[in-house]
Each structure stands twice: as structure tokens, then as C-alpha cells.
Amino acid sequence: MPKQNKRFVVITFRASREPVEDMFWAEAEYDGAWTNVTRLERVKTRREILERIGELDTAIIGIDAPFGFAKPFVDLIAKEGITGDWKQVAHKIREDLKKNTEDGIKLWVEKMGRYRESDLETEEEASWRNTRPVQNRSGRRFQEPRAPHEFLSKAERFRRIDQIVKRISNTGIESTLGIRYNKLTSRYDFLDSEAQGRRALLCISLLSQLVEQHPEVSVWPFMQPAKVTVAEIAPALFPKAPRPQEMAKFFEKEEDNALFIDKAVRETASSNKTAMTALFSLLGIISAERRENKMIRPLRDYRENFYENELVKSEGWTYGIGYKDPLKNDAPPPREKREKTAPAVEQAPVVEEVAVESVAS
């Protein structure tokens, strides 16, 4: 990975039908003395995102959309023949969505439905919810058996990193496997056009096309960082924007810190909440990569064991959240005096594959 990245980009990704009204591209460039935020503009189509990324020579690009699904779901579709690493899963998603996006999405929602029903509560566990009484022609009443979608699912819906982000940011987070049963169509579907699972499918499809057309581009953490690296971000982890009445003072202070924000960028951010999110996510990445905010991890901090972790390779990770191998103790050995006086403590078995170091809330 280059020691000094000169360009930073944030994309607020959307999964609704095109042309999209609320999808933004924020961009900044570092010239050695100043960091200049020069672009904050709407992007109408996902193809335009693909084309813009393909034109970059060097950049760290943050996209606020999931790059993966919970590992148990990935394991289930592997049994259906969709095997291999992230690239092959992403390629399959792209192939399914390429001919007709909505039909392809339905195929994957069906897979999610099968996964949901793969681990349902038992009849006994569901007994506290009364079944519907039905009366037949003879007047005899009986209990109508429940359909699978009426049982609660115990299948894991969240990625490990989703649970970490939720805990650190203290905000709610939607599952990429969040679906509902539609009684009108008698099938599962997403909650709405911006459901997290729908965004994941469209974003992964775009990334698959990106690495096929531009193999030099890295999709992190499934690939190690390169000159152009795309990473999943969670805007809730970055410092929040100041209140409107404090905005002008904030920009003036940042200019003292060698950060120039174009007037048009300021105006766009001030008039649109999503644009404001894009701008401050961009500033968050810049601050992390320049070591100004040491609570958020820059890409260069992740070591080899991170990329070898099976959960990370399957589900992905979120930019800025530190990683620590729980099976490896990097701390220095205790002093000799402590060894003599401190009582021995039995170590609890490690049950998690990953652990958090630190991140700003």
C-alpha cells in the first residue's frame, strides 16, 4: 500500500431505482501541504460510480454499504453450489442481477428466505402465540397449522462486524438479511427499496464489475490495500457534523489546520443531510489516514493475520475499527516483580474470532 495516499473519496450509496436523487460523491486531494475538498455532487447512476472509480490512479474510497453477508448464510449458499471466495460469490450476484436487476434480487431474497427457515423455533417454543382457530363445515373447531414464515427464526442475521459497529456507535443497525413475508405475493421480500440487504446486493454487484474491469483495484478487506482501495464505511463511527450555527466557525478552524473546503462544497453540504454525511465521513477518513484521529484505524494498521482471518475473509470488515488477533498476545511480558506477587489468573477460553481495539464514536 502506498505510504501516502493523495486522494480520498466517499460515496453515499443508494439502492433505489435510477436516476437516484440522494447519492453523493465527495472527493478530496492532498497536495503535500493542504488537503483540498473540491467535489461534493450528486451521482445519478451506479454506472457513473463505476466509471469515476475507474478513472482514479490512487485513492482510498469509502462506500456506506455492506460488502458481505453473515458467514452462516454464506455457508448455506455454498451448499447450493455458490462456493469459493468473496470474488466468486460477488460474481454470482452480479450474474444474477445483470439481465434484470429486480428478478436477480428476488432470487437472492429466496435464498435468504430459505436461510431464515433453516433454523426455526420449535412448535413448543412458539406455543405461547395462539394459532388461528378455524371452523370447518361440520362446525368442528381446530387449530390451523402454522406456516414456516409464522415461526421466529433463530438463524444469525448479523455479521460480527455489524454487532461491533452497533455496540461502538450506540445506534441501531439493520441486518443485510432483513426480510419480511408478503402475504399478498406469498413470498419474502425486502422491507423497502433501501433495505440493507438490497444495498448489499447492488453494491457487491458493482464491486464485482469493478475488479473485473480494473483488476488493479482492491476491495478491502477481501484484498490487501492497493493504490486504489475501496472500503466499507459506517458514517456513525466518524465525528458528527457541528450544529448549523457553528458550521462557519468549524470551516474556519479547519483552514487553520491546512484543510480547504470549496465554497460550493460547503453550500451543498449545508443544504442536504446526506451530502453533509458524505462530507464528514470524508473528513473522518482523512483525519484517520493522516493520524490526526488516532482512535480510528488507517488502512496501513491492519497486519497479515487480519487478512488471514476466516470470518473477515467471508463477511468483510468496516473501515476504522481496529482488529486484534485474540489467539496472539502482542503485549510485553509482565515485570519480574509482578510475576512474584500477582496471583495467577486462569485465562477464559477465546470464543470470538475477532476483537475490537478502538474507534471513535
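Please read all numbers here as calculations on a predicted model, not as lab measurements. (Residues numbered from 1 in each chain as written. Predicted model: local features only at pLDDT ≥ 70, side-chain atom pairs only at ≥ 80, totals over all residues. Heavy atoms only, no water.)

1. Regarding the overall build of the protein
Part 1 of the reasoning: When you go through the protein residue by residue, the secondary structure sums to 12 helices and 13 strands.
Part 2 of the reasoning: Across the 361 residues that make up the protein, the buried fraction comes to 47%.
Part 3 of the reasoning: Sequence-distant contacts in the protein: of pairs separated by 6 or more residues, those separated by 24 or more amount to 69%.
Part 4 of the reasoning: For the protein, the exposed surface amounts to about 20000 Å²; the carbon and sulfur share of it is 48%. (Helix = DSSP H or I, 4+ residues; strand = E, 2+ residues; numbered from the N terminus. Buried < 20%, exposed > 50% of the residue type's maximum accessible area, 1.4 Å probe, protein only. Contact = heavy atoms within 4.5 Å. Areas by Shrake-Rupley, 256 points an atom, 1.4 Å probe, with all protein chains shown as cover.)

2. Some points on the pattern of salt bridges
Part 1 of the reasoning: What the rule picks out here adds up to 28 salt bridges.
Part 2 of the reasoning: The closest approach of N and O atoms between glutamate 102 and arginine 198, which form a salt bridge, is 2.8 Å. Note that glutamate 102 is positioned in helix 4 (residues 101-116) and arginine 198 in helix 6 (residues 196-213), a separation of 96 residues in sequence.
Part 3 of the reasoning: You can call arginine 198 buried: its relative accessible area is 8%. (Salt bridge = Lys/Arg side-chain N within 4 Å of Asp/Glu carboxyl O.)

3. Topic: the layout of surface pockets
Part 1 of the reasoning: Put simply, the largest pocket is a space of about 920 Å³.
Part 2 of the reasoning: Around the largest pocket, the lining comprises 33 residues; the ones closest to its centre are Asp64, Ala234, Pro235, Ala236 and Thr277.
Part 3 of the reasoning: Going through the elements one at a time, helix 5 (160-169), helix 6 and helix 9 (273-289) are the ones with two or more residues in the lining of the largest pocket.
Part 4 of the reasoning: The element best represented in the lining of the largest pocket is helix 9, accounting for six residues. (1 Å grid on protein atoms, 1.4 Å probe; cavity = no way out; pocket = protein on both sides within 12 Å on 5 of 7 lines; lining within 4 Å. Points joined across faces, edges and corners; volume = space filled by probe spheres on them.)

4. Thoughts on the environment of isoleucine 77
Part 1 of the reasoning: Counting through the fold element by element, isoleucine 77 comes out in helix 2 (residues 71-79).
Part 2 of the reasoning: With a relative accessible area of 1%, isoleucine 77 lands in the buried category.
Part 3 of the reasoning: For the pair isoleucine 77 and valine 89, spaced 12 residues apart in sequence, the C-alpha to C-alpha distance is 9.2 Å.
Part 4 of the reasoning: When neighbours within four sequence positions are excluded, isoleucine 77 is seen to be in contact with Ile82, Val89, Trp108 and Lys111.

5. Let's talk about the confidence of the model for the protein
Part 1 of the reasoning: In the predicted model, the protein carries a mean pLDDT of 86, and the fraction of residues at 70 or more is 84%.
Part 2 of the reasoning: Here strand 13 (residues 355-356) is the element of the protein with the lowest mean pLDDT, 41, and strand 9 (residues 218-219) is the one with the highest, 98.
Part 3 of the reasoning: Low pLDDT, under 50, characterises residues 329-333; the predicted model gives this stretch zero contacts beyond four residues in sequence or across chains. (pLDDT = per-residue confidence, 0-100.)

6. Examining the nonpolar core
Proteins that are soluble and globular tend to have nonpolar side chains buried together.
Part 1 of the reasoning: Membership of the largest hydrophobic core comes to 55 residues, with the highest contact counts inside it found for Ile61, Ile63, Phe69, Leu201 and Leu207.
Part 2 of the reasoning: No other element matches helix 6, which puts nine residues into this core.
Part 3 of the reasoning: Among the nonpolar cores identified, the runner-up in size contains 45 residues, and Tyr30, Leu283, Ile286 and Leu299 belong to it. (Core = buried A, V, L, I, M, F, W, Y, C linked by side-chain atoms within 4.5 Å.)

7. Digging into the sheet that holds strand 9
Part 1 of the reasoning: On the basis of which strands lie adjacent, the open sheet formed by seven strands has the order 9-10-4-1-2-3-11 and mixed pairing. Pairing within the sheet leaves two strands with one partner each, and these edge strands are strand 9 and strand 11 (259-261).
Part 2 of the reasoning: Note: strand 2 (residues 24-30) against strand 3 (residues 35-42), seven bridges, orientation antiparallel. Each bridged residue has a counterpart across the sheet, and for tryptophan 25 the counterpart in strand 3 is glutamate 41.
Part 3 of the reasoning: On top of the sheet, helix 8 (residues 263-271) reaches strand 2, strand 3 and strand 11; it is set at about 50° to strand 3, its chief contact. (Pairing = 2+ DSSP bridges. Axes fitted to C-alpha atoms, helices over the stretch in contact; angles between N-to-C directions.)

8. Considering helix 5
Part 1 of the reasoning: Of all 10 residues in helix 5, seven are buried; the element is thus mostly enclosed.
Part 2 of the reasoning: One or two positions beyond helix 5, positive phi appears at asparagine 170, with a value near 55°.

9. Digging into the environment of asparagine 36
Part 1 of the reasoning: Its location among the elements puts asparagine 36 in strand 3.
Part 2 of the reasoning: Considered as a pair, asparagine 36 and arginine 7 are 29 residues apart in the sequence and their alpha carbons are 9.5 Å apart.
Part 3 of the reasoning: Other than its neighbours up to four places away in sequence, asparagine 36 contacts Glu27, Ala28, Glu29, Asp31 and Phe260.

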